Amino acid sequence: MNLPPPPSYEELFGGLSTATVVQPPSVTLRSETSTTIQFTLNGTPVTVDFSKNTSLTPNTTLAEYLRTTTFTGTKIFCHEGGCGVCVVSVTYTDLSSNETVTRSIHSCLRPLATCNGLSIVTNDGLGNAQTGYHPIQKALAQYNGSQCGFCSNGFVMTMYSLLSENPNLTPLQIEQAFDGNLCRCTGYRPILDAMKTFATVTDDGKPKDGHCEDEDSCRKTGCKRSKAGTLPFPDVEDVSSFLPKLEPYRHVAPKKHVNIPLRAVSSSSAAHRLVFEENGTIWQDCPTLTDLNTWLPWYVSEGYDPMLVVAQTSLGVYPTPAPQVKLNINAVPEFHQVSQSSAGITVGSATTISSLISILRNAKGDQAYQTAHFSQAALHLQRIASHPLRNIASIFGNIAVTVRHQSTSNYFCGDGATVLYGLGTTFLLYDTVAQTNLTLTMGDLFDTDLKGKYCISLTIPWALENEHFMSYKIAMRQVNAHSYLNAAMRCVVNPTTKAIQGSPYLVFGGVNSKPTRFTSVETAMVGVTVTDGAAFQSLATTLSGLLNPTVFMGKQAFRKSVALNYFYKFFLFLQGASVPTALQTGVQCWFTRPESSGTQVFQPNPAEYPVSIGIPKLESLQQTSGHAKYTEDLARPVGTVYACVVLATQANCQIASIDASAAQAMPGFVAILTAADMPTGTNAWQMGEILSSGQINYHGQSIAVVLATTQRRSWECADAVVVTYKNVATPITTIAQAVAANSFIPASATPPAVTRGNATQAMATAQTVVSGSISLGYQYHFHMENQAVLVIPREDVLEVHSATQMLVPLQQQVSAVTGYPMSKVVVSVKRCGGGFGGKLSNSILPASIAAFCAVKLGCPVHLTVDLQQTTRMLGCRSGKVMDYTVGVNNDGTIVALNANVICAAGVNPTDVMGTDVVTIHSLDNAYYIPNANISGQMVTMNIPSSTAVRGPGWVPGIHFGESIISAIASKLNMDPVAVREKNFFTKGQTTCDGMILTYWDMPAIWSQLKQNANYTARVAAVDTFNTNNRWIKRGLAMTPCRFGVGQSGANFDCVVNIYPDGTVSITHGGAEIGQGINTKVIQVAALKLGITQDNLSLICVNETSTRSCSAASNVTGGSITSELCALAVMHACETLQRRIAPFRQANQTWQQLIGACSGAGIELTATGFTNAPVNTSGIFNYNSNGAALSEVELDVLTGQIEVRQVDIVFDCGISLNPTIDIGQLEGGFLFGLGYYLQEDPSWDPTTGAPNQGSTWEYKPPCAYDVPISFNIALLKNAPNPVGVLGSKATGEPGVALASSVVQAVESAVTAARAANGLGSTRWVATSLPLTVDVIQQACGTVASNLAF
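Residues numbered from 1 in each chain as written. Predicted model: local features only at pLDDT ≥ 70, side-chain atom pairs only at ≥ 80, totals over all residues. Heavy atoms only, no water.

Regarding the environment of Asn144
Definition in use: The secondary structure listing takes helices from DSSP runs of H or I that are at least 4 residues long and strands from runs of E that are at least 2 residues long, numbered from the N terminus. Throughout this description, buried means an accessible area under 20% of the type-specific maximum (1.4 Å probe, protein chains only), exposed means over 50%, and partly exposed covers the range between.
Locating Asn144 in the fold gives a position in the loop between helix H4 (135-142) and helix H5 (152-165). Look at Asn144 and you get buried, because its relative accessible area is 4%.

Structure (structure tokens):
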């Protein structure tokens, strides 16, 4: 790419450097300027007038505006650009190329005021049932890529924009584009499979058409396109997923953009620029340098420090305080210019990161070596944030965040700054106050106050001949995660002598509060031969003495170690082809991920069709097109006010005062309500007070409710409420602190121990005794739909629309708070955007608050508790610590077990009591323990009350059992698989809690998994790999899962109506949270009524509502709701079948049959009810069994891991819907990966505030975390004798199966420790999650190991 030379300083400024600063007009005169913008939304021109729409402010984002239109497919979750549900597509004229471009962007960060001239497309504007669905929407639906559906909009729009950018994509390019889209349900595999059907080029560059020549090959390779027609249902034998028919699709990019131009500008008038002021915040467009040179110094002289806005993406990291003046500079042409000269490539400061990546990859210098650094720099820049964010974030904006945030207690470890520093980039700035230009190095820039200054451009120099550059990054997650540490290194190496020459650059970010050059080491590097191990050790010693990582970000030992190891990696890189073979894997800067793939194998049952057919969710097209409505999408009645809860900012104290005067003076304020406004006896819910009457137990406890005319105004008013505290005491935020404080729940309230035999006596006979302690961390639900509730007082009822999994308990609570009888409280939910237990008791507090406010004010009230508020206000999965002593014989047979599990209850133990019970009842997992004493305890702490999270109790209990097996293997120096096999239950044995295993198929599952995964050969391959590679180690592990399914006390009801036209409606007591419950009950109803699979569309499921479902309906959870609601529907349909049977005739259509029944006056409404069986042994009715074999790869020097392959065999009985059940297993497994490896909530020891309360610090798995090969098979010929139509539960067991990855990591770390001279004894993980720093430190690499 040959670029024009850069403009001169005189060309840029035209003499402005000596101009007199013009005194701008007063605020009064500015109010006469334009206050409107224009853009197109889904093809329709839109004009927004900020002066007339008083709900809009300078802080209003595009996503917030879209939510006020009919296009509610665009969602909001994090407000940070960290999740992807808000992604939309924008088309505009790129100022650097003057070409029309289409890009995906995070609309939750894009200020509405910057949208002038854009063409905006949302998912619900792409297609619908009336005009036809878009092929992307159809593909995502047909591949079962939409479970709860809340994230689907963002995936569709990312794909749509990607195809508009480049219609000729490889599968790998498509996968890499989804670094900014999170999904908590699916496990990503079906989403990626759907999107990769749009690839037109294979990863090796060959053309790829839309169809396959061979269906067998199609199944083996994971391709999902059918070459012709719809495949028939298979016979009873193992097959891959049913292959949907997708027509070949060729994307047509949006037509050439017709830009709605920014209004004419001139240096003498501000009359045609967007300027408006609201509540003390000023927005002003500055589309030319003349504007900027006029207004910026004036605002500075008035005492402001204006924010220069290109995309405002920094607010995703530093959301407060909002600047009082925002100057929009995105339209300044000079800030988008791109050129090249003998000095290098010069890009405008507003060049987006995505554009810079493209520029670097396509650059061409006079000599080939001049661009040698650019490909690595582009790769590293591609790890900044996400694809949609890089599309709008400017490169200098990214650097400016680093420059502006250098406090040692809160700095920004920016990758852009470190990489460009390492490249030797220089910057051209203009000081509008001093009216001088500044040419600065990166080092100079860090010491420059940016107030009153702006950057025009930055110049990246060409590489020198024989110069080498490499950069590095380590973070919690591979992508869309901030660095713990980054580095950029550059030097010239003499090709003959291999000696370092010239002026090396050695830059580390994340050690100090700003990226830092280590000049003394750079000087010492000159003359060193890159293969000289002794010289390197001397340099490493010098560097080690200089590396003193800041306390901020913690993990100091890890950050220092990785910094040294990066220096070592750089020397290996410099050695090139001469690096020893065994060390070659140490060269890589990070794992380079290939395209992922997977297989899904199941056995349908034709006798039960349409049950057991693998079809996607029947609502999936509504979800993937953005037309499915969630609670947050419901139309709000006129007069609705918006609530925001004022939360405590200090734990373990008392309220001293509440000052709402500032909030009361703000626009849109309606009211503030406190505990004093609640009637006597109503201020309570199961976890304590609804609004604190004085005592504050935890940071985030609800204190007051502010109500305002819009959602944003309610947020701003709530932020303005000032609460002071007294009697502040140190909060208890860890289990260790709680134990030390003796903060135990009384023994009378703890669950009885699980006992068998005499563990004490048996322990004395054991040949070996192993003792230890295992701790498991916490986990947020991270459901993509926030807590949301709309309460509407009607004439005779109180309508409560809540995103909830437990309607009847919520109904009871609202009744208690408001005084309405339960019969007049109608709770409804159509669907939830994910639940995972987070919409159980956690949904009750928001609903109670909103209901109280609605009754108090006599008007509809809407309340959304966003992600940041949720992590402060509501509970998560409880942390646990298990202390154990296990007695074994020397062959690995378990003789006795003593174990005690301490569970973190938070401030109230209500929810975790059941969790603690399930934990100790699941701890024996798949193993026979003849003598056991397994007890549980709970401790209270100053954190939100812990609650159920997917697989509560089961998941930690099963992992505790597996950790004990691992510890036994370590002690006896045995293969963990051999220890497992030695202790497996046999059919007819009894679990520790008394369940008789009359049905036990683990041996068949275990054998099938070994065969499917080629276990023996894989073990040998891993051993060989580890022998041959010093710095990359692999680990392989195989673990079982006995997931006890308990149904006792779980009762559900339903109503089934058949209408005269033959259509059928079902109302049941479960909540659709993404698990496919509605599809399963429709399939069951069709089976029982005799409706064929082709006519499933005749059946619909209504919203779940207490108006229709009785008080007997249970909560949705425990993986049992789908099967029990299906059972209730079966009962109702059997009743209907008996009524219509006399009217059946040969060759009669369903509609004719129902017509005859209707004409005869037959009752075609029936109810169904499940009275769940009481367990006769143990607490579980049956077991959902499975096993997983996982293989991981570990970078010993950094701690980064990659899951290479996962194979699962699972006993699903006769699946009601294999596609849905496999999706549940995949999603559960990724959920477990997050729990075991990444998600690590903790709380500030002083204030009790959550340390990981946003997407900036909390990192659930993303698409890059999917196992590269992900294979699932459902066990064949295994009907569940006590299941509904022979089926079993699948919603949560997959989470527990992810424990296999922990065991695989243990194996890899063991290999690494052996290579580091620390012995071959198996390393056992005693504290989870195994985050990257924990793994790296466990490997035990020290400087002396860094040899050549």
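A closer look at the sheet that holds strand S11 (residues 344-348)
Formally: One bridge is not enough; two strands pair if DSSP finds at least two bridges between them. Between N-to-C directions, angles span 0 to 180 degrees; the directions come from axes that are lines fitted to C-alpha atoms, helices contributing only their stretch in contact.
Strand order in the open sheet formed by five strands is S10-S11-S16-S14-S15, and the pairing between neighbours is antiparallel. The open sheet has two edge strands with one neighbour each: strand S10 (338-341) and strand S15 (436-441). Along the sheet, successive strands turn relative to each other by an average axial angle of 20°, direction set aside. Inspection of the sheet shows strand S14 (residues 426-431) paired to S15 by six bridges, in the antiparallel sense. Of the residues in S15, the one forming a bridge with Leu428 is Thr439.

Side note on empty space enclosed by the protein
The criterion, for reference: Cavity: a set of points on a 1 Å grid over the protein atoms alone where a 1.4 Å probe fits but cannot get out. Pocket: an open set with protein on both sides within 12 Å along at least five of seven lines, its lining residues, like those of a cavity, having an atom within 4 Å of a point. Grid points are joined across faces, edges and corners, and a volume is the space filled by probe spheres set on the points. Residues are grouped as follows: Ala, Val, Leu, Ile, Met, Phe, Trp, Tyr, Cys and Pro are nonpolar; Asp, Glu, Lys and Arg are charged; all remaining types, including Gly, are polar.
Considering all chains together, one arrives at eleven cavities of 30 Å³ or more under this definition. Estimated volume of the largest cavity: approximately 420 Å³. Around the largest cavity, the lining comprises 33 residues; the ones closest to its centre are Val317, Ala385, Leu389, Phe412 and Trp1256. Among the elements that line the lining of the largest cavity, the one with the most residues is helix H13 (residues 395-404), at three residues. Looking at the lining of the largest cavity residue by residue, the classes come out as 15 nonpolar, twelve polar and six charged. Put simply, the second largest cavity is a space of about 320 Å³. If you go around the second largest cavity, you meet 22 residues; those closest to its centre are Met476, Gln478, Ile1201, Gln1238 and Asp1265. Contributing elements (two or more residues each) for the lining of the second largest cavity: strand S17 (467-475), strand S44 (1201-1210), helix H35 (1218-1238) and helix H38 (1332-1339). By residue class, the composition of the lining of the second largest cavity is eleven nonpolar, five polar and six charged.

Some thoughts on helix H9 (residues 289-301)
The following threshold applies: The span you would expect from a helix comes to 1.5 Å times its residue count less one.
The end-to-end C-alpha distance of H9 is 18 Å, a good match for the 18 Å that 13 residues give at a rise of 1.5 Å each. Of all the 13 residues making up H9, eleven are buried; the element is thus mostly covered by neighbouring parts of the structure. Just downstream of H9 lies Gly303, where phi reads positive at about 95°.

So, the sheet that holds strand S27 (residues 722-726)
Ordered by their spatial adjacency, three strands build an open sheet running S25-S23-S27, and the pairing between neighbours is antiparallel. Pairing within the sheet leaves two strands with one partner each, and these edge strands are strand S25 (695-696) and S27. By the bridge criterion, two bridges tie strand S23 (residues 653-659) to S25 in an arrangement that is antiparallel. Its bridge partner lying in S25, Gln654 is registered against Gln695.

Quick word on the state of the cysteines
A covalent bond between the sulfur atoms of two cysteines is referred to as a disulfide. What counts, and what does not: To count as a disulfide, a pair of cysteine sulfur atoms needs to be within 2.5 Å.
If you walk through the whole model with that rule in mind, you get zero disulfides. Residue Cys151 stays outside any disulfide, its sulfur separated by 3.7 Å from that of Cys183, the closest cysteine.

Some points on the nonpolar core
Which entries qualify depends on this criterion: Note on terminology: a nonpolar core comprises buried Ala, Val, Leu, Ile, Met, Phe, Trp, Tyr and Cys residues joined through side-chain atoms within 4.5 Å.
Core analysis: the biggest nonpolar cluster contains 247 residues, and Met159, Phe508, Phe567, Tyr884, Trp1150 and Phe1229 have the highest contact counts within it. The dominant element in this core, judged by the number of residues it contributes, is helix H18 (residues 556-575), at eleven residues.

Points about the pairing of S14
Across the six residues of S14, five count as buried, placing the element largely inside the fold. Linkage of S14 to S15, two consecutive antiparallel strands, is achieved through a turn of four residues, within which Gln435 is found at a positive phi near 55°. Inspection of the sheet shows S14 paired to strand S16 (residues 453-461) by six bridges, in the antiparallel sense. By the bridge assignment for S16, Thr426 is matched with Thr459.

Section: the packing of aromatic side chains
Let me state the cut-off plainly: Only the six-membered ring of Trp is used, alongside the rings of Phe and Tyr, when aromatic pairs are assigned; centres must lie within 6.5 Å, and planes under 30 degrees apart are stacked while those over 60 apart are edge-to-face, with the rest tilted. A ring is considered to have a charge above it if a Lys NZ or an Arg CZ atom is located within 6 Å of its centre and within 35 degrees of its normal.
Applying the stated criterion across every chain, the model contains 43 aromatic pairs. Seen in terms of ring centroids, Trp295 and Trp298 are 6.2 Å apart; in terms of plane orientation they differ by 90°. Their pairing is edge-to-face. Remark: Trp298 and Trp295 occur in helix H9; sequence separation between them is three residues, near one turn of the helix. Across this residue pair, the class does not change: Trp295 and Trp298 are buried. Note on Phe1229 and Phe1270: the rings are 5.6 Å apart at their centroids and 50° apart in plane angle, and the pair reads as tilted. Here the residue Phe1229 occupies a position in helix H35, and Phe1270 occupies one in strand S45 (residues 1269-1274), the gap between them amounting to 41 residues. The structure contains a cluster of three or more aromatic residues connected by ring pairs, namely Phe536, Phe567, Tyr568, Phe571, Trp1031 and Phe1348. Above the ring of Tyr505, the side-chain terminus of Arg517 is found at 3.6 Å from the ring centroid. Positioned above the aromatic ring of Phe1025 is the side chain of Arg1034, whose terminal nitrogen or guanidinium carbon lies 3.6 Å from the ring centre.

Looking at unusual backbone geometry
Leaving glycine out, the prevailing phi sign among residues is negative, and the prevailing peptide bond configuration is trans. Note that the residue after Tyr609, namely Pro610, is joined by a cis bond; omega there is 5°. With a phi angle near 55°, Gln435 is a residue other than glycine that sits in the positive phi range. Looking at the secondary structure, you find Gln435 in the loop between S14 and S15.

What to know about H35
So the rule is basically this: Between N or O atoms, a polar contact is any pair within 3.5 Å; within protein, one atom must be a potential hydrogen donor and the other a potential acceptor, and residues adjacent in sequence are included only when both atoms are from side chains.
Its 21 residues place the ends of H35 29 Å apart at the C-alpha level, agreeing with the 30 Å of an ideal helix rising 1.5 Å per residue. Counting buried residues along H35, 21 of its 21 residues qualify, which places the element largely inside the surrounding structure. By the N-cap criterion, in which a side-chain oxygen at the helix start approaches the backbone nitrogen of a residue two or three places on, H35 is capped by Asn1217, the distance to Thr1219 being 3.2 Å.

A few points about the pairing of strand S19 (residues 500-509)
The buried count for S19 comes to seven of ten residues, which makes it a mostly enclosed element. Pairing geometry for strand S18 (residues 483-493) and S19, over seven bridges, is antiparallel. Considered in S19, the bridge of Asn486 is made with Gly509. A loop of six residues connects S18 with S19, the two strands running antiparallel in sequence, and Lys498 in this loop sits at a positive phi of about 65°. A loop of six residues connects S19 with strand S20 (residues 516-517), the two strands running antiparallel in sequence, and Gly510 in this loop sits at a positive phi of about 95°.

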